[in-house]
2 protein chains.
Amino acid sequence: MKYYLGLDIGGTFVKGVCVTSDGKVLAEGKCDTGCENGGAAMCDNIARLCEELKAQVNGELAGVGAGCPGMIKSSDGVVKFAGNLGLKNFPLSAELSKRLGVPVKVTNDANAAALGEALFGAGKNYKNSILVTLGTGVGGGIIIDGKLFEGGESAGAEIGHMVIERYGEMCTCGRRGCFERYSSASALTRRTKYAMEEDAGSAMWGKYTSATCTGKTAFEFMDTDKSAAEVVDWYIRYLACGLINLANIFRPEVIMLGGGVAAQGERLTKPLQAIMDREIFGGNDYAPVTVVTASLGNGAGAIGAAALCFNK
Amino acid sequence: MKYYLGLDIGGTFVKGVCVTSDGKVLAEGKCDTGCENGGAAMCDNIARLCEELKAQVNGELAGVGAGCPGMIKSSDGVVKFAGNLGLKNFPLSAELSKRLGVPVKVTNDANAAALGEALFGAGKNYKNSILVTLGTGVGGGIIIDGKLFEGGESAGAEIGHMVIERYGEMCTCGRRGCFERYSSASALTRRTKYAMEEDAGSAMWGKYTSATCTGKTAFEFMDTDKSAAEVVDWYIRYLACGLINLANIFRPEVIMLGGGVAAQGERLTKPLQAIMDREIFGGNDYAPVTVVTASLGNGAGAIGAAALCFNK
């Protein structure tokens, strides 16, 4: 039996998984990233993890894929820049291949997660899908006709850095008003903090302070507190704006929401769908776009990385 | 010799062209659209034009393609809705095929123009390009890896309907702040009008009134009049915002500007390139995106329509 090994490289841990081409998980595990000791040391750790996983599976390893944060050039597997890992122009694919004895495909971690969700998660019944992750930033990936779309030189699909408010908040990318300044979990937390500070009578103060509130706080109190409800409404309207932009450009069959905020499920997808149906270009009779919650959670990245081996 | 016949259907005229697969024009002509008499009468006119063009060419007609304004479902060649032509759910491909005796491929006119520019115009040396037309609205089309990308069910690529200013001007699509509300020739004219009305001393009054100014007026006076220069600056900044959004998502090698405003050439592309290089995600060392003026003018649509026959 052929199987594929997928790696999801994070700032702290590397997750590894052995899967078949139909997404059946045969083995999984993790190791410390250890990137504080440099890229070579990280690759040594990853190689050990791979050997452990391979030892658990009876079959033929047909390929290895890795999702890595930062700017990745997938054509040659070089990490152009990954601030979290302290890597710059690091030949990840070559270094891993050398240790593992097989070719290693590499992409951005958000792209890998999108591919995993698209093939084996919430997008598995669709050929055109977009994963939008609502975490520290807004990331994601785009699947066109069943294939991962990374943009020219694998430098595109930076959906969090689409300006939706021309004179809006300053973004880390140097522009103002990027989608992720409004729709990330961080943005939601920040807005909740402001709302609490402006409303001394808010029920949110009963459980949180403006220093301890999170992206969950406003959702928790939305049914009982006006300020909390306003925060949720603000968040959903901006998120809808960015999602409809993507829908008008790609017209996918489905937009999948991942990341921490997506755990709100229908509290998020129901109102988003209503706005989508009302505002999408050309109306909803014509190729509807469905908003759903991603289903693989943190596992999407490693499975999607394995899928790099047979998706292209 | 094999050749292809391309049709660019407009509200008043239909342009037709016979071309080889390397873009050599063998014959061209036009006819009245005549859509006020209905879709069947329009197709009769188009069929006559096709016969006239075929009579001028010595070769084998290998395919017919048509670009049509409105919402087109390219998979079956049905015009879902074309307000300008008064057509709704009209089987354009089937009606033309019946008259011409060959299959007819159909797409949106902006997509056809993008394909023409990409294959035979300003994009011919690139595999990934976007045409952005700055006319009454903002239209365009997207070429990925040499192929026209129309979005799911050919309902995507509506780049003019990407919100860049969340609480901005009302758009015909029902949303606020769409790219085309700021970057169309109409928006430029409107802004010029406001600028004149607010500046009684503007040099623009020497030649125009606020009723006769056009999208060219501010460019004409930008070197000699502060208000005109401000209008141009305003226009370029919004246009850059939308183009950089597209660059961050698709990372094409080239963005081509078409439509009336694009005639400004380097007065537009030079400052846009400077902003692009400064603000594009990840910087310009990594897969630069070049902003150029489209080169085929109004001819792009018909040539691109012919190219539908061999692009997919």
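Owing to the predicted nature of the structure, the values given are computational and were not obtained by experimental measurement.

Caption draft 1: Structural detail: the overall build of chain A. Assigned secondary structure in chain A consists of nine helices and 13 strands. A compact globule built from 312 residues would reach a C-alpha radius of gyration of about 20 Å, and chain A, at 20 Å, matches this within 12%. Along the first, second and third principal axes, the C-alpha atoms of chain A reach 60 × 45 × 35 Å. Each of the 312 residues in chain A was classed as buried or not, and the buried ones make up 59%. For chain A, contacts bridging at least 24 residues in sequence account for 60% of all contacts bridging at least 6. As presented, chain A carries roughly 12,300 Å² of accessible surface, and 49% of it is formed by carbon and sulfur atoms. When the 31 positive and 33 negative side-chain charges of chain A are each reduced to one mean point, those points stand 3 Å apart.

Caption draft 2: Representation of the interface of chain B and chain A. Contact with chain B, which involves 40 residues of that partner, is made by 40 residues of chain A. The contact between chain B and chain A buries some 3,700 Å² in all, and 62% of this surface belongs to carbon and sulfur atoms. For the interface between chain B and chain A, the tally reads zero salt bridges. Where chain B meets chain A, there are 20 residue pairs in polar contact (both at pLDDT 80 or more). Contributions of two or more residues to the side of chain B that touches chain A are made by β5 (71-73), β10 (138-144) and α7 (226-250) of chain B. Here the element with the most residues in the side of chain B that touches chain A is α7(B); it accounts for nine residues.

Caption draft 3: Region of the structure containing the sheet that holds strand β6 (residues 78-82) of chain B. Residue and element names in this part refer to chain B. The strand order β5-β6-β7 describes an open sheet built from three strands, whose pairing is antiparallel. Each edge of the sheet is formed by a strand with only one pairing partner; in this case those strands are β5 and β7 (87-90). Neighbour to neighbour, the strand axes of the sheet diverge by 15 degrees on average, direction disregarded. Across three bridges, the pairing between β5 and β6 is antiparallel. Note on β6: the bridge partner recorded for methionine 71 is phenylalanine 81.

Caption draft 4: Structural view of the relation of the copies chain B and chain A. For these two chains of identical sequence, chain B goes onto chain A by a turn of 180 degrees and a shift of 0.0 Å along the axis, with RMSD 0.0 Å. The two molecules are tied by a two-fold rotation axis, judged by turn and shift. By residue overlap, the copies meet face to face through one surface: 100% of the interface positions of chain B are interface positions in chain A.

Caption draft 5: Quick look at the packing of helix α3 (residues 109-120) of chain A against helix α9 (residues 300-311) of chain A. All names here are of chain A. One can describe the packing of α3 onto α9 by two numbers: an axis separation of 7 Å at closest approach and a directional angle of 80 degrees. Comparing the axis directions of α3 and α9 gives the class roughly perpendicular. The residues of α9 that touch α3, namely those facing Ala112, Ala113, Leu115, Gly116, Glu117, Leu119 and Phe120, are Ala300, Gly301, Ile303, Gly304, Ala305, Ala307, Leu308, Phe310 and Asn311.

Caption draft 6: Layout of empty space enclosed by the protein. One pass over the structure, following the stated rule, counts two cavities of 30 Å³ or more. Of the voids in this model, the largest cavity is the one considered here, and its volume is about 40 Å³. Lining the largest cavity, in full, are Phe149(A), Gly151(A), Gly152(A), Asn128(B), Ser129(B), Ile130(B), Ile142(B), Ile143(B), Ile144(B), Phe250(B) and Pro252(B). Top element by residues in the lining of the largest cavity is β10(B). It accounts for three residues. Within the lining of the largest cavity, the residues separate by chemical class into seven nonpolar, four polar and no charged. The calculated volume of the second largest cavity comes to roughly 30 Å³. In terms of lining, the second largest cavity is formed by Glu169(B), Ala187(B), Arg190(B), Arg191(B), Tyr194(B) and Trp234(B). Ranked by residues supplied to the lining of the second largest cavity, first place goes to helix α5 (residues 185-198) of chain B with four residues. A breakdown of the residues in the lining of the second largest cavity according to their chemical character gives three nonpolar, no polar and three charged.

Caption draft 7: Looking closely at α7(B). Residue and element names in this part refer to chain B. The terminal C-alpha atoms of α7 lie 36 Å apart, and with 25 residues this matches the ideal 36 Å at 1.5 Å per residue to within 8%. Burial analysis of α7 places 20 of its 25 residues in the buried class, the great majority of the element. Put simply, aspartate 225 is the residue that caps the front of α7, since its side-chain oxygen is 3.4 Å from the backbone nitrogen of serine 227. Just beyond α7, the residue with positive phi is arginine 251, at close to 40 degrees.

Caption draft 8: Structural view of the pattern of salt bridges. For the structure shown, the criterion picks out 24 salt bridges over all chains. The salt bridge partner of Glu230(A) is Lys226(A), with a shortest N-O separation of 3.0 Å. Here Lys226(A) and Glu230(A) lie together in helix α7 (residues 226-250), a separation of four residues that amounts to about one turn. A salt bridge links Lys98(B) to Glu95(B); the nearest nitrogen and oxygen atoms lie 3.4 Å apart. Here Lys98(B) and its partner Glu95(B) are both found in helix α2 (residues 92-100), three residues apart, which amounts to about one turn of the helix. One salt-bridge network, held together by shared partners, links Asp44(A), Glu95(A), Lys98(A) and Arg99(A).

Caption draft 9: Region of the structure containing the state of the cysteines. Counted according to the given criterion, the structure contains zero disulfides over all chains. Cys173(B) takes part in no disulfide bond, and the closest cysteine sulfur, belonging to Cys178(B), lies 3.6 Å away.

Caption draft 10: Looking closely at the packing of aromatic side chains. Tallying each qualifying case throughout the model produces 18 aromatic pairs over all chains. Plain terms: the ring middles of Tyr167(A) and Tyr238(B) are 6.2 Å apart, the flat faces sit at 80 degrees to each other, and that makes the pair edge-to-face. Here Tyr167(A), found in the loop between β11 (147-149) and α4 (180-183), pairs with Tyr238(B), found in helix α7, and the two come from separate chains. Taking the relative accessible area as the measure of exposure, Tyr167(A) reaches 53% and is therefore exposed. Tyr238(B) gets classed as buried once you look at its relative accessible area, which sits at 4%. Aromatic ring contacts, followed pair by pair, group Phe149(A), Phe250(A), Phe149(B) and Phe250(B) into a single cluster.

Caption draft 11: Representation of the pairing of strand β9 (residues 129-134) of chain A within the structure. All names here are of chain A. Counting buried residues along β9, five of its six residues qualify, which places the element largely inside the surrounding structure. Examined bridge by bridge, β9 and strand β10 (residues 138-144) share six bridges and lie antiparallel to one another. The residue bridging leucine 131 from the neighbouring strand is glycine 141, located in β10. Counted between consecutive antiparallel strands, the loop separating β9 from β10 contains three residues.

Caption draft 12: Structural detail: the environment of Leu257(B). Residue and element names in this part refer to chain B. Mapped onto the elements of the fold, leucine 257 is located in strand β12 (residues 254-258). What makes leucine 257 buried here is its relative accessible area of 1%. A C-alpha to C-alpha distance of 21 Å links leucine 257 and threonine 192, two positions 65 residues apart in sequence. Residues within four places of leucine 257 in sequence aside, it is in contact with Leu131, Val132, Leu134, Leu243, Ala262, Leu268, Thr269, Leu272, Val291, Val292, Thr293 and Ala294.

Criteria and thresholds
Residues numbered from 1 in each chain as written. Chains lettered and ligands numbered in written order. Predicted model: local features only at pLDDT ≥ 70, side-chain atom pairs only at ≥ 80, totals over all residues. Heavy atoms only, no water. Helix = DSSP H or I, 4+ residues; strand = E, 2+ residues; numbered from the N terminus. Rg over C-alpha atoms; globule rule 2.2 N^0.38 Å. Buried < 20%, exposed > 50% of the residue type's maximum accessible area, 1.4 Å probe, protein only. Contact = heavy atoms within 4.5 Å. Areas by Shrake-Rupley, 256 points an atom, 1.4 Å probe, with all protein chains shown as cover. Lys, Arg positive; Asp, Glu negative; His and termini not counted. Charge placed at Lys NZ, Arg CZ, Asp CG, Glu CD. Buried area = accessible area lost by both parts, 1.4 Å probe. Salt bridge = Lys/Arg side-chain N within 4 Å of Asp/Glu carboxyl O. Polar contact = N/O pair within 3.5 Å; in protein donor to acceptor, adjacent residues only side chain to side chain. Pairing = 2+ DSSP bridges. Axes fitted to C-alpha atoms, helices over the stretch in contact; angles between N-to-C directions. Least-squares fit on C-alpha atoms with pLDDT ≥ 70 in both. Parallel < 35°, antiparallel > 145°, perpendicular 65-115°, else oblique. 1 Å grid on protein atoms, 1.4 Å probe; cavity = no way out; pocket = protein on both sides within 12 Å on 5 of 7 lines; lining within 4 Å. Points joined across faces, edges and corners; volume = space filled by probe spheres on them. Nonpolar A, V, L, I, M, F, W, Y, C, P; charged D, E, K, R; others polar. Expected span 1.5 Å × (residues − 1). Disulfide = S-S within 2.5 Å. Phe/Tyr/Trp six-rings, centres within 6.5 Å; stacked < 30°, edge-to-face > 60°.

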